[in-house]
Amino acid sequence: MLYHLLYPLHTTFSVFNVFRYITFRTIYASLTALLICWLLGPWVIRKLTERQIGQYVRTDGPPAHKTKTGTPTMGGLLLLFAIVTATLLWADLTNFFVWIVLLMTISYGAIGFLDDYLMQVKKESRGLPGRIKIVIQVAVGLLVAGLLYARPDFDTRVSVPFLKQVAPDLGWAYILFATMVIVGTANAVNLTDGLDGLAIGPVTVAATTYVVLSYVAGHVKIADYLQIQYVAGSGELAVFCGALVGAGMGFLWYNAYPAQIFMGDVGSLPLGGALGTVAVITKHEIVLALVGGIFVVEALSVIFQVGFFKVTNGRRIFKMAPLHHHFELKGWPEPKVIVRFWIIAIILSLLAVSTLKLR
Ligand code: 57M
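No experiment lies behind these values; they were computed from the predicted model shown. (Residues numbered from 1 in each chain as written. Predicted model: local features only at pLDDT ≥ 70, side-chain atom pairs only at ≥ 80, totals over all residues. Heavy atoms only, no water.)

**Thoughts on the overall build of the protein**
Looking only at helices and strands, the protein has 14 helices and zero strands in total. The order of helices and strands in the protein, counted from the N terminus, is α-α-α-α-α-α-α-α-α-α-α-α-α-α. The globule rule puts the C-alpha radius of gyration for 359 residues at 21 Å, and the 20 Å found for the protein is close to it. Taking the principal axes of its C-alpha atoms as reference, the protein extends roughly 65 × 45 × 35 Å. (Helix = DSSP H or I, 4+ residues; strand = E, 2+ residues; numbered from the N terminus. Rg over C-alpha atoms; globule rule 2.2 N^0.38 Å.)

**Details of the nonpolar core**
Grouped together as the largest cluster of nonpolar side chains are 101 residues, with contacts concentrated most on Tyr-108, Leu-148, Tyr-210, Phe-240, Leu-271 and Val-280. Here this core takes 12 residues from helix 9 (residues 237–255), the largest share from any one element. Every residue in contact with Leu-148, bar those within four places of it in the chain, is listed here: Phe-96, Phe-97, Ile-100, Phe-154, Val-280 and Ile-281. (Core = buried A, V, L, I, M, F, W, Y, C linked by side-chain atoms within 4.5 Å. Buried < 20%, exposed > 50% of the residue type's maximum accessible area, 1.4 Å probe, protein only. Contact = heavy atoms within 4.5 Å.)

**Things to note about a nonpolar patch on the surface**
Nonpolar side chains collect at one region of the surface, where Ile-134, Val-135, Val-138, Leu-142, Tyr-149, Trp-172 and Leu-176 lie side by side and expose about 640 Å² of accessible area between them. The leading source of residues in the nonpolar patch is helix 5 (residues 130–149), at five residues. Position of Leu-176 relative to the elements: it lies in helix 6 (residues 174–192). (Patch = residues over 30% accessible without salt bridge, like charges linked within 9 Å, V, L, I, M, F, W, Y side chains within 5 Å. Areas by Shrake-Rupley, 256 points an atom, 1.4 Å probe, with all protein chains shown as cover. Salt bridge = Lys/Arg side-chain N within 4 Å of Asp/Glu carboxyl O.)

**Some points on the site of the ligand**
Gln-55, Asn-190, Asp-193, Gly-264 and Asp-265 are the nearest of the 30 residues found near the ligand. Note that a nitrogen atom of the ligand is positioned 2.7 Å from one of the side-chain N or O atoms of Asp-196. Note that an oxygen atom of the ligand is positioned 3.5 Å from one of the backbone N or O atoms of Met-263. In isolation the ligand has 1,000 Å² of accessible area, and contact with the protein removes 83% of it. (Near = heavy atom within 4 Å. Polar contact = N/O pair within 3.5 Å; in protein donor to acceptor, adjacent residues only side chain to side chain.)

**A closer look at the pattern of salt bridges**
One pass over the structure, following the stated rule, counts nine salt bridges. The salt bridge partner of Glu-236 is Arg-25, with a shortest N-O separation of 2.4 Å. Of the two residues, Glu-236 is situated in the loop between helix 8 (220–226) and helix 9 and Arg-25 in helix 2 (residues 22–50); the sequence distance between them amounts to 211 residues. Accessibility classification places Glu-236 together with Arg-25 in one group, the buried group. A salt bridge links Arg-157 to Asp-155, with the nearest nitrogen and oxygen atoms 2.6 Å apart. Three or more residues are tied together by salt bridges with common partners; here these are Lys-68, Asp-196 and Glu-334.

**Describing helix 14 (residues 334–354)**
The first and last C-alpha atoms of helix 14 sit 31 Å apart over 21 residues, in line with the 30 Å expected at 1.5 Å per residue. When we look at burial in helix 14, the residues that qualify are Glu-334, Val-337, Ile-338, Phe-341, Ala-345, Leu-348, Ser-349 and Ala-352. Along the axis of helix 14, the buried positions cluster into a sector of 110°, meaning they face one direction only. (Expected span 1.5 Å × (residues − 1). Arc of directions from axis to C-beta.)

**Points about helix 6**
Between its first and last C-alpha atoms helix 6 spans 27 Å; for 19 residues at 1.5 Å apiece the expected length is 27 Å, and the two agree. The element helix 6 is largely enclosed, with a buried count of 14 among its 19 residues.

**Structural notes on the environment of Asp-115**
With respect to the secondary-structure elements, Asp-115 resides in helix 4 (residues 96–121). The sequence separation of Asp-115 and Ala-247 amounts to 132 residues, and the corresponding C-alpha distance is 22 Å. Setting aside chain neighbours within four positions, we find Asp-115 in contact with Arg-126, Gly-127, Leu-128, Lys-133 and Asp-265. At a separation of 2.9 Å, a polar atom in the side chain of Asp-115 contacts the side chain of Lys-133.

**Section: the side chain of Ser-159**
Counting through the fold element by element, Ser-159 comes out in the loop between helix 5 and helix 6. For Ser-159, a relative accessible area of 11% gives the class buried. A polar side-chain atom of Ser-159 sits 2.5 Å from the main-chain carbonyl oxygen of Lys-283. When residues no more than four places from it in sequence are discounted, the contact partners of Ser-159 are Val-166, Gln-229, Lys-283, His-284, Glu-285 and Ile-286.

In structure tokens form, the structure reads like this:
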């Protein structure tokens, strides 16, 4: 909004010319979202506590988690407010991709809110039935992917990191592929959110990576120089990703160990869905598996654990899945598991950015 209000004044006040630059608006979207989370955090924690919206901790989890019972949850509402507000303030609101990613974020936030509400407020311990949750996620994913596919200039080729010449064109099947990326990322982030700051840290790292990837994908000269697919208008997603980064840092201020607040599904699902959608729009879908390698490994640990359990009639690969619980049960203190996962997330992000040059 500020872009539309203030940039036109640059003919009178040249200082407002700065609003034309995506880099400037990305930085201030990030700082705005950070400030919103920082300033509203204590109030949100107090309100959730007053309303007794405290985490129900399952008894079959690691023993150390028992002390977490009652921690205020659904803090994702603060994340969503910060991200949407900062984006509306600083992004170019005539950009189609900005509205697509906001549609995704708010839709998945609503799914997560319903699940949390049923579980934490109505005390229906299982929340929204898993099948219903996944069906709605797939429906929203198909809608978003379909809206992108319907764009005349939308490219249905899939870029492969490191392989410049390889970009298979999926045609209409790209809609299914994009939906899989979005739904898969949302649920992988959801599974990862099982220790203090364990999800929001890597989400913030991934969002930082996609600030860079969005900017270069939307810059015709840089995209040509790097020989990556140019996606006109995708650069504006750097502003949205900047808001993700700021909100993530602001939320981590309170979600850091020992957490004063959990994000809930109302936070984890939209964060993952948004990252998946940005990856699809900027044509960096497969590299998301590298950027979000922590989420991939956490999800795979569950898949392998459940599969092995069924095939061997009760034996386990890990002490407990997702993988973070395995290390907890091996005796690693929670903060050590968390920070080591963050370090790996940063390494994977650096490798992902390096794929821009290694082609
Ligand atoms: C999402 N939710 C956390 C919090 C957060 C199929 C199976 C792998 C599913 C999986 C599952 O239930 N996943 C749900 C993970 C939960 O966190 C809440 O959920 C929101 C995110 N969606 O915002 O509101 C618990 O995580 C802890 N937590 C923190 N700090 C945080 O900042 O400590 C969360 C955020 C919270 C809190 O204790 O209560 C979760 O873990 O449920 N199931 C599991 O992950 C379970 N694993 C399991 O059953 N493994 C089996 C099979 C099925 C693979 C096995 O290994 O044999 C574990 N989780 C629980 N109990 N709760 C272990 C058992």
